[in-house]
Amino acid sequence: MRHAALLFNPRAGRRRGAHALEQVTAQLARGFRLEVLPTRGPEHCRELALRAVAERLDAVFALGGDGTLRVVAGALAGSQTALGPLPGGTTNVLAGAFGLPVGDPAAAARALAHAEAREMDVGRCGDDVFLMQVSGGLDARVMAEVDPRWKRRVGKLAVAAAGLAAWARYEFPLFELEVDGAPTVATGFVVTNLAEYAGAYRIVPQARADDRQLELLLFRGRRRRDALAFALALARGRHLARADVELRAVERVTLIGPGAAQLQADGDPFVADPPLEIRLSSRRLRVLAPAS
Ligand SMILES: [Mg+2]
């Protein structure tokens, strides 16, 4: 029988994850000898994942949101230990992208109990990794303004409220970028490894997580109504036809200026000091996923 660890954060995702723990454990036990390990925070989560790699476990299941998966992926990338994504956070975009039922961690666990691992690309952003997107612009500002306590209580509603507040004040600062060596500017950019973005949206429909390339979406709108129109077009899958949107396949995007910038990686906000290099990692990640 395969051997795995199950990491869970008792405080993540409005506690839905912790409530589901018993059912998740029962499902995974059908295919794995399992160690169940509560985490005290991101650093502890990373330590436990690194220990699982050192012990050559077959898999580390993470019951949490996209932020938790990113932490665990940073420890597992380049190893033979596979990530088992179990949707237990507020946003579970990665689990959804792999065909798992995002509202039901126990059903996801049942689907993964006998699943095989496949390889996916991993992005690098400075010294950190990402699995989905790194972006700058209004979306990153929104993620920076979401109140984490409120997010735990009301989930996506907190993100929507922060979105409206940020939009009403946003002034569309320019990012200076170097895209595979060529300079350009934009008011928003998304470097993506996946088609799926922010839940139900497909930011770059043709993006694949296993094709050894990243896609870059540049947005050059400068007014609030451009941003609103972009969001509405995105919801309808028509944003790529806009005149203020440009799409490129890229190897490397470097934020070169003009100063410190609010960005987000897989939903986690951070402030970047240029230069910041965003590119494909040479390490890949094994991920357990149901056969598609
Ligand atoms: Mg790709």
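Enquirer: Just checking my understanding: could you explain unusual backbone geometry for this structure?
Expert: In terms of backbone geometry, most residues other than glycine have negative phi values and most peptide bonds are trans. Cis peptide bonds are those with omega within 30 degrees of zero, and the linkage from glycine 257 to proline 258 qualifies with 0°. Relative to the assigned elements, proline 258 resides in the loop between strand S16 (252–257) and strand S17 (261–265). Following proline 274, the chain continues into proline 275 via a peptide bond in cis, with omega recorded as 0°. Within the element layout of this structure, proline 275 appears in the loop between strand S18 (268–272) and strand S19 (276–280). Unusually for a residue other than glycine, phenylalanine 172 sits at a positive phi of about 55°. Position of phenylalanine 172 among the secondary structure elements: in the loop between helix H9 (156–169) and strand S9 (175–179).

Enquirer: What am I meant to see in the pairing of strand S10 (residues 182–186) here?
Expert: Side-chain positions along a regular strand alternate between the two faces of the sheet. Bridge analysis of S9 against S10 gives five bridges, and the strand direction is antiparallel. Across the sheet, the residue bridging to leucine 177 is threonine 184, located in S10. The antiparallel pairing of S9 with S10 creates a hairpin that spans two residues between the two strands, and aspartate 180 there sits at a positive phi of about 45°.

Enquirer: Any chance you could explain the layout of surface pockets here in plain terms?
Expert: Space left empty within the atom packing is revealed by a probe, the size of a water molecule, rolled over the atoms. Considering only enclosed or pocket space, the largest pocket measures out at about 1100 Å³ in volume. Taken together, 40 residues form the lining of the largest pocket, with Asp139, Val142, Tyr197, Ala198 and Tyr201 sitting closest to its centre. Elements represented by at least two residues in the lining of the largest pocket include exactly strand S8 (133–136), helix H7 (138–145), H9, strand S11 (188–192), strand S14 (214–219) and helix H10 (224–235). Residues of the lining of the largest pocket, tallied by class, amount to 26 nonpolar, ten polar and four charged.

Enquirer: Could you clarify how one ought to interpret the nonpolar core in this entry?
Expert: What tends to happen in soluble globular proteins is that the nonpolar side chains get buried as a cluster. The biggest cluster of nonpolar side chains holds 29 residues, and the ones touching the most others in it are Val72, Leu83, Leu94, Met120, Leu131 and Leu285. Looking at this core, the elements that each hand over two or more residues are strand S1 (2–8), helix H3 (42–54), strand S3 (59–64), helix H4 (66–76), helix H5 (93–97) and strand S20 (285–289). Top element by residues in this core is H4. It accounts for five residues. Per-domain counts for this core show at least three residues from each of domain 1 (2–114) and domain 2 (128–280).

What counts and how
- Residues numbered from 1 in each chain as written.
- Predicted model: local features only at pLDDT ≥ 70, side-chain atom pairs only at ≥ 80, totals over all residues.
- Heavy atoms only, no water.
- Helix = DSSP H or I, 4+ residues; strand = E, 2+ residues; numbered from the N terminus.
- Pairing = 2+ DSSP bridges.
- 1 Å grid on protein atoms, 1.4 Å probe; cavity = no way out; pocket = protein on both sides within 12 Å on 5 of 7 lines; lining within 4 Å.
- Points joined across faces, edges and corners; volume = space filled by probe spheres on them.
- Nonpolar A, V, L, I, M, F, W, Y, C, P; charged D, E, K, R; others polar.
- Core = buried A, V, L, I, M, F, W, Y, C linked by side-chain atoms within 4.5 Å.
- Buried < 20%, exposed > 50% of the residue type's maximum accessible area, 1.4 Å probe, protein only.
- Domains from an automatic or database assignment.

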